[in-house]
Amino acid sequence: MVDRNGWGRDRPAPTGAPHSPPASFVEQANVSDADVYAAFEDDWPDCWERAAALLSWDEAYDTVLEDDDAPFYRWFPGGKLNASYNCVDRHLESGRKTHAAIRWEGKQGERETYTYRDLYVAVNEFAAALRDLGVEADDVVTIYLPMIPELPIAMLACARIGAPHSVVFAGLSADALATRMNSADSEYLITCDGYYRRGDAFNQKSKADNACLALEHDVRTVVVDRLGDELPHVLGDDEWEYHALREAFAGETVAPVSRDAEDMLFLMYTSGTTGDPKGVVHTTGGYLAHVAWTSHAVLDVKPEDTYWCAADIGWITGHSYIVYGPLSLGTTTVMYEGTPDYPDRDRLWEIVDRNAVDIFYTAPTAIRAFMKWGPEYPERYDLSSLRLLGTVGEPISPRPWNWYREHIGGGECPIVDTWWQTETGAVTISTLPGVDDMKPGAAGPGLPGIDVQVVDETGKEVDPGEAGYLTIARPWPGMARTLYDGDERYRTEYWTRFSDPDADEWRYFSGDTACIDEDGYVTVLGRVDDVIDVSGRRLSTMEIESAITDVDGVVEAAVVGRSDGRTGTDIYAYVSTDGNRDATDGVRTAIVDNVETTIGPIATPTEIVFTPELPKTRSGKIMRRLLADIANDEELGDTSALRNPEIVGEIQTESGDR
Ligand code: PRX
């Protein structure tokens, strides 16, 4: 194969041996007919009616897709619906009021179950309270809560009255909260007094207070009393306590506001490559239809399941696959407040066993941690209830993929490696677990109806196995509609680079690089910025990292470029190994050998620095920018987004000792 576009690749991305889903899975799968791909293709865009049909509409939509003003597409225009009605009320009407909607597992071992009836009562009372505080349709309500039940309750209460929510991850700083509230002109805030971090009470309210001081407008705040006497707090003017409000509005109901399909359901801020965070706008009809459909077709969720997505609701994964997707289908969604290693490294498996969890969805960074800790933790529990596993958020290389299947999935469970983004709203690339074979290391084909294409600089599709830019050549229902701070930024960020407006040809650019094999399976290589230019050859950091993590004993790796001060770039690799071995020369040699065999000597790291952990953002992504600063002996950029800032000093020392 010719390496035509200079990506330094002349062979398809290495994937592990394929696996077929077990017959027992296929028999019961929500979607098991391979014709689904052709059916969507033949009937596009009307095929998306299947997704819309999973919802209850107050008024039918006029048409499926309106594309006169591309790239500002409108899905299901004319349709009316309410997201809170779809996630709550309709399950009561279908006789499921005593069915568990949310099973909450707190950090201190607390447990709470909300039936659909309990959820209905809570959402209604809180919606009544919000209205009384002055919240009207289209007012943006900011929610700054940790993983406690009041978080989804608040989201659904907002949705009920037509007020878009903007959830800000609880671990973000006061500054980050203030920036987001200012950008959205948000005059309402729902937060809490504090929460537990590894057993200690941690003050959240003081962060919220600091943010409000920095705002250019007044704010009305609701405070959830999470810690009681552990952290006494005093309410100021314009502040109300959540439970007191619930009591004041006990038994009240609020009719769900019928929203246009295209009305905003929520805003979700995500980091941009430059400038302020981007407020990604998601709408009611298309988003909800897409998350319901993918929960059904990809995650195989059934109402009788206990389903667990171990993400945080503060990120898009939690919005789509802890709250809106599973609840719209009327299943039981598990919500876990804690971390996987507290009080011990078996915490997640104890929860799976006790709740007989059917479906488990997490991120590669977590899977690599499980692998590092060793199989003895999952082995303590009965995980045989699991039917399907999922991963999202980063590429997963074959070794952790196989470990996940073997040690968590009992060697049986299919795994869906789901590629999507805050901007795509819901899964866009994945195998359908009841239809497709899985290839460890490749996410899978575009879902039915999603036209995924990998293109070169000129926007032309590349040959199978060649790397290029990951684009989507047609719109899809869950897509972001715009950015809150402007249509123009939306168009430039996503729709300019590979589109031809004069020909009315529009192509969404994801910002990722990828390659597609002969079977249409996509292997994501990383973000565009994660490319190192070595002697004019562009190497994907992800590809080198995958070759490194394939080595026995290696758990995680990040590679960055270091300018050699003249014209070239050297490759620096930061590597963490499992606890069982030191950074021995054996591992070092094995890394070099494997990189040379799988990619070529051009990709061999000049330096390999061993470190106990890699610097990560709070959503678990490796912060390569920081490592690049360290490698280049530059002043460190902003470290406020780091989850483990303490590791930076250690890495600097290690690097200095080279
Ligand atoms: O680079 C891709 C990576 O995560 C990015 C999107 O991040 P975010 O908006 O925070 O949403 C994360 C959860 C949906 C993508 O551009 N990514 C996500 N899923 C995968 C992935 N990379 C490889 N494989 C995946 N399955």
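Residue positions are counted from 1 within each chain, in the order its sequence is given. Side-chain atom pairs in this predicted model are given and counted only at pLDDT of 80 or more, local residue features only at pLDDT of at least 70, and totals for whole chains, interfaces and linings cover all residues. Side-chain figures throughout are based on the complete set of non-hydrogen atoms in the structure, without hydrogens or water.

Q: Quick rundown of the site of the ligand? Include the residues and the values.
A: Surveying the vicinity of the ligand reveals 16 residues, the closest of which are Asp417, Thr418, Gln421, Thr422 and Lys621. Side-chain atoms alone can form a polar contact between residues adjacent in sequence; in general such a contact is a pair of N or O atoms within 3.5 Å, and within protein one must be able to donate a hydrogen while the other accepts it. Taking Gly393, its main chain carries an N or O atom lying 3.0 Å from a nitrogen atom of the ligand. Note on areas: Shrake-Rupley with a 1.4 Å probe; residue coverage comes only from the protein chains shown. Isolated, the ligand exposes 550 Å² of accessible area, and the fraction of that covered by the protein chains is 88%. Considering only residue class, the shell around the ligand consists of six nonpolar, five polar and five charged. Proximity is defined per residue: if any heavy atom of the residue lies within 4 Å of a molecule or strand, that residue is considered near it. For this classification, Asp, Glu, Lys and Arg are treated as charged, while Ala, Val, Leu, Ile, Met, Phe, Trp, Tyr, Cys and Pro are nonpolar and the rest, including Gly, are polar.

Q: If you had to explain unusual backbone geometry to someone new, which residues and values would you point to?
A: With an omega dihedral of 5 degrees, the bond running from Ala70 to Pro71 counts as a cis peptide bond. Secondary structure is summarised from DSSP: a helix means a run of H or I of at least four residues, a strand means a run of E of at least two, and numbering begins at the N terminus for each. Tracing the sequence through the fold places Pro71 in the loop between strand 1 (65–66) and strand 2 (74–75). Of the consecutive residues Tyr342 and Pro343, the connecting peptide bond is found in the cis state with omega at 0 degrees. Among the structural elements, Pro343 can be located in the loop between strand 17 (332–336) and helix 12 (347–355). Even without glycine at this site, Ala356 takes up a positive phi of about 45 degrees. Position of Ala356 among the secondary structure elements: in the loop between helix 12 and strand 18 (359–362).

Q: Summarise helix 10 (residues 285–297); cite the residues concerned and give the values.
A: By this rule the span expected of a helix is its residue count minus one, scaled by 1.5 Å. A rise of 1.5 Å per residue sets the reference length of helix 10, with its 13 residues, at 18 Å; its end C-alpha atoms lie 18 Å apart and thus fit the reference within 8%. Relative accessible area decides the class of each residue, using a 1.4 Å probe on protein chains only: under 20% of the type maximum gives buried, over 50% gives exposed, and in between gives partly exposed. Burial runs high along helix 10: 13 of the 13 residues are buried.

Q: Describe the layout of surface pockets, and please don't skip the residues or the numbers.
A: The method works on a 1 Å grid over the protein atoms by themselves. A cavity is a set of points holding a 1.4 Å probe that cannot get out, a pocket is an open set with protein on both sides within 12 Å along at least five of seven lines, and residues with an atom within 4 Å of a point line them. Grid points are joined across faces, edges and corners, and a volume is the space filled by probe spheres set on the points. By volume, the second largest pocket is sized at about 280 Å³. Contributing to the lining of the second largest pocket are 17 residues, with Ala473, Asp504, Glu505, Trp506 and Arg507 lying nearest its centre. Of the residues contributing to the lining of the second largest pocket, the split by class is eight nonpolar, three polar and six charged.

Q: Before we move on, could you go through the sheet that holds strand 14 (residues 264–270) and cite the residues and values that matter?
A: Spatial strand order, 12-11-8-6-7-14-15-23: eight strands in an open sheet with mixed pairing. Edge positions in the open sheet fall to strand 12 (239–241) and strand 23 (482–483), since each of these has one partner strand only. Pairing between strands is defined by DSSP: at least two bridges between them are needed. Where strand 7 (residues 165–167) and strand 14 come together, two bridges link them in parallel fashion. Of the residues in strand 14, the one forming a bridge with His165 is Phe266. Throughout, a residue-residue contact means that at least one pair of heavy atoms, one from each residue, lies within 4.5 Å. Axis lines are fitted through C-alpha atoms, for helices just across the contact stretch, and the angle between N-to-C directions can take any value from 0 to 180 degrees. Most of the contacts of helix 7 (residues 174–184) go to strand 14, to which it runs at about 140 degrees, and overall it touches strand 6 (141–143), strand 8 (188–192) and strand 14. Here helix 8 (residues 205–213) sits on the sheet and contacts strand 8, strand 11 (220–224) and strand 12; the angle it forms with strand 8, its principal contact strand, is near 155 degrees.

Q: Describe the pairing of strand 18, listing the residues and the values that go with them.
A: The side chains of a regular strand alternate, first on one face of the sheet and then on the other. By the alternation rule, side chains of strand 18 split into Ile359 and Tyr361 and Phe360 and Thr362, which are all buried. Summarising the sheet, strand 16 (residues 306–309) and strand 18 pair through three bridges and their orientation is parallel. Bridging across to strand 18, Cys309 finds its partner in Tyr361. Two elements, strand 18 and strand 19 (residues 388–392), share four bridges in a ladder whose sense is parallel. Within the sheet, the bridge partner assigned to Ile359 lies in strand 19 and is Leu388.

Q: Any details on empty space enclosed by the protein? Residues and values, ideally.
A: Tallying each qualifying case throughout the model produces two cavities of 30 Å³ or more. Approximately 40 Å³ is the volume found for the second largest cavity. Secondary structure elements with two or more residues in the lining of the second largest cavity: helix 6 (150–161) and strand 14.

Q: Which residues make up the packing of aromatic side chains, and what values go with them?
A: In this scheme Phe, Tyr and Trp rings, the latter by its six-membered ring, pair at centre separations within 6.5 Å, and the angle between planes marks the pair as stacked below 30 degrees, edge-to-face above 60, and tilted otherwise. The tally for this structure, following the rule as stated, stands at 29 aromatic pairs. When the ring of Tyr61 is compared with that of Phe76, the centres are 4.9 Å apart and the planes differ by 55 degrees; the resulting orientation is tilted. Taken together, the positions of Tyr61 in the loop between helix 3 (49–52) and strand 1 and Phe76 in the loop between strand 2 and strand 3 (80–81) put the pair 15 residues apart, joining distant regions of the chain. The exposure classification of Tyr61 matches that of Phe76, with both residues buried. Within the aromatic cluster, the residues linked to one another by ring pairs are Phe72, Tyr73, Trp476, Tyr490, Tyr494, Trp495 and Tyr508. Note on criteria: charge over ring means Lys NZ or Arg CZ within 6 Å of the ring centre, with the direction from the centre no more than 35 degrees off the ring normal. The lysine or arginine in question, Arg197, covers the ring of Phe202, its NZ or CZ lying 3.8 Å from the ring centre.

Q: Now, about the packing of helix 4 (residues 83–93) against helix 11 (residues 316–328): what can you tell me, with residues and values included?
A: Two numbers describe how helix 4 lies on helix 11: the axes approach to 8 Å, and their chain directions differ by 50 degrees. Classed by the angle they form, the pair helix 4 and helix 11 counts as oblique. Between helix 4 and helix 11 lies a crossing whose hand is left-handed. Contacts from Ala83, Asn86, Cys87, Arg90 and His91 in helix 4 reach Tyr324, Leu327 and Ser328 in helix 11. Every angle not falling under 35 degrees, over 145, or within 65 to 115 is termed oblique; those three ranges are roughly parallel, roughly antiparallel and roughly perpendicular. Crossings are sorted by hand: turned counterclockwise from the far helix by less than a right angle, the near helix makes the crossing left-handed, and turned clockwise it makes it right-handed.

Q: Would you mind going over the sheet that holds strand 28 (residues 554–563) in detail, with residue names and values included?
A: Picture the strands of a sheet paired through backbone hydrogen bonds; they go either parallel or antiparallel. One open sheet holds the three strands; their spatial order is 28-29-30, and the pairing between them is mixed. Where the open sheet ends on each side, the last strands, each with one partner, are strand 28 and strand 30 (607–610). On average, each strand axis in the sheet is inclined to that of its neighbour by 25 degrees, with strand direction left out of account. Examined bridge by bridge, strand 28 and strand 29 (residues 569–577) share nine bridges and lie antiparallel to one another.

Q: Summarise the side chain of Lys439; cite the residues concerned and give the values.
A: With respect to the helices, strands and loops of the structure, Lys439 is situated in the loop between strand 20 (415–418) and strand 21 (452–455). Polar contacts involving the side chain of Lys439 include one to the side chain of Asp519, which spans 2.7 Å. What Lys439 contacts, discounting residues up to four positions off in sequence, is Thr15, Pro18, Asp517, Asp519 and Tyr521.

Q: How would you explain the packing of helix 6 against helix 11 if you had to name every residue and give the values?
A: One way to put it is that helix 6 packs onto helix 11 with a least axis distance of 12 Å and a crossing angle of 60 degrees. Here helix 6 is positioned oblique relative to helix 11, judged by the angle of their axes. Taken as a pair, helix 6 and helix 11 cross one another with a handedness that is right-handed. Touching Pro152, Met155, Leu156 and Ala159 of helix 6 are His319, Val323, Tyr324 and Leu327, all from helix 11. Of the residues that constitute the contact of helix 6 with helix 11, the class distribution is seven nonpolar, one polar and no charged.

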